[in-house]
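# Working through the structure, step by step
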Amino acid sequence: AGNVQIELHVAGSVKSAASTIAGIVDRKDPEWGEHKQLAAWDHPVVRQLNLESQLSDHHIPIVYTDTKKTAPADRIKLRTAITDAYIGITSADFVVAHTATMVMKTRPGQLRSVSLVPSIHICVVHRDQIVSDLAELYTRLQWEPVHKEEGLTNSLTFISAPSKTGDIELVMVNGAHGPREVHLIVIDS
């Protein structure tokens, strides 16, 4: 992870992972304005963190990607909240150890924008979600009963590092097409 500029954090418990996130939120300031807001997936691993109580002293709003509200006004509010967030918190289906790549299936409540739009992306996984390489990843996607039954989604996102581009005059720019900073928290309990 360090070779591709992903900050790796190993947490001994869910509570420790939540504390790590609180520390990141406390240390980092938004790139624009002074208002701190988080966007987070509506996902079991993320919900286990109980971030509301962890961040209650900070008075920082957390917007969860509850896609059950389908009214156009609700979708616009959600989109705006994700755009306004300076940290996005997700999980992943797998992490490929060989390349530190986070692999995410797109599902309701797990919008790709949470990992792409905010300046800082935090991904939280359990240790058993780590696979050694792409061969193991594709084998598990094809043959494990849960993944075989669900099948592939319309979008399978691979995140291997913070966003970088050298498109303009060969000058390296961080964060042009996604987050400038990526944190991977592995819960090893």
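In case you missed it, the structure is sitting above this.
Residues numbered from 1 in each chain as written. Predicted model: local features only at pLDDT ≥ 70, side-chain atom pairs only at ≥ 80, totals over all residues. Heavy atoms only, no water.

## Remarks on the overall build of the protein
In terms of helices and strands, the protein carries seven helices and 12 strands. Per-residue burial over the protein gives 43% buried out of 189 residues. Residue pairs at least 24 apart in sequence account for 74% of intrachain contacts in the protein once pairs closer than 6 positions are excluded. (Helix = DSSP H or I, 4+ residues; strand = E, 2+ residues; numbered from the N terminus. Buried < 20%, exposed > 50% of the residue type's maximum accessible area, 1.4 Å probe, protein only. Contact = heavy atoms within 4.5 Å.)

## Focus: a nonpolar patch on the surface
A cluster of nonpolar residues, Leu-134, Tyr-138 and Phe-158, forms a patch on the protein surface that exposes about 280 Å² of accessible area. Relative to the helices and strands, Leu-134 resides in helix α6 (residues 134-143). (Patch = residues over 30% accessible without salt bridge, like charges linked within 9 Å, V, L, I, M, F, W, Y side chains within 5 Å. Areas by Shrake-Rupley, 256 points an atom, 1.4 Å probe, with all protein chains shown as cover. Salt bridge = Lys/Arg side-chain N within 4 Å of Asp/Glu carboxyl O.)

## Thoughts on helix α1 (residues 14-27)
With 14 residues, α1 should cover 20 Å at 1.5 Å per step; its first-to-last C-alpha distance of 20 Å lies within 8% of that length. Buried residues along α1 sit in contact with β1 (6-11), β2 (38-40), α3 (51-54), β4 (87-90), β7 (120-126) and β12 (181-187). (Expected span 1.5 Å × (residues − 1).)

## Observations concerning the side chain of Gln-129
As for its position among the elements, Gln-129 is in the loop between β7 and β8 (130-131). Under the relative-accessibility criterion, Gln-129 is labelled buried at 13%. Within the structure, the side chain of Gln-129 is placed 2.6 Å from the backbone nitrogen of His-126, a separation counted as a polar contact. Once residues within four sequence positions are removed from consideration, Gln-129 is found in contact with Ser-91, Ala-92, Asp-93, Phe-94 and Val-95. (Polar contact = N/O pair within 3.5 Å; in protein donor to acceptor, adjacent residues only side chain to side chain.)

## Things to note about the sheet that holds β12
Pairing is parallel across the open sheet formed by six strands, whose spatial order is β1-β12-β7-β4-β2-β3. Two strands bound the open sheet, and with one partner strand each, they are β1 and β3 (62-64). The mean angle between the axes of side-by-side strands here comes to 20°, regardless of whether they run parallel or antiparallel. Two elements, β1 and β12, share six bridges in a ladder whose sense is parallel. (Pairing = 2+ DSSP bridges. Axes fitted to C-alpha atoms, helices over the stretch in contact; angles between N-to-C directions.)

## Description of the sheet that holds strand β9 (residues 156-159)
The strand order across the open sheet formed by four strands is β8-β5-β6-β9, and the pairing between neighbours is mixed. Pairing within the sheet leaves two strands with one partner each, and these edge strands are β8 and β9. Pairing between strand β6 (residues 101-105) and β9: four bridges, direction antiparallel. By the bridge assignment, Met-102 is partnered in β9 with Ile-159. Relative to strand β5 (residues 94-96), α6 is tilted by about 155°, and along the sheet it contacts β5, β6, β8 and β9.

## Some points on the packing of aromatic side chains
Counting across every chain of the model gives zero aromatic pairs. For Arg-47, the ring lying beneath its charged end belongs to Tyr-64, and the centroid distance is 3.7 Å. (Phe/Tyr/Trp six-rings, centres within 6.5 Å; stacked < 30°, edge-to-face > 60°. Lys NZ or Arg CZ within 6 Å of the ring centre and 35° of its normal.)

## With respect to the nonpolar core
Residues Ile-21, Leu-38, Leu-51, Ile-87, Ile-89, Met-102 and Ile-122 are the most contacted members of the largest nonpolar core, which totals 43 residues. Looking at this core, the element that brings in the most residues is α1, giving six residues. Residues Val-103, Val-131, Leu-137 and Leu-141 belong to the second largest nonpolar core, which totals six residues. (Core = buried A, V, L, I, M, F, W, Y, C linked by side-chain atoms within 4.5 Å.)

## As for the environment of Val-25
Summarising the element assignment, Val-25 is placed in helix α1. Residues Val-25 and His-58, spaced 33 residues apart in sequence, show a C-alpha to C-alpha distance of 9.1 Å.

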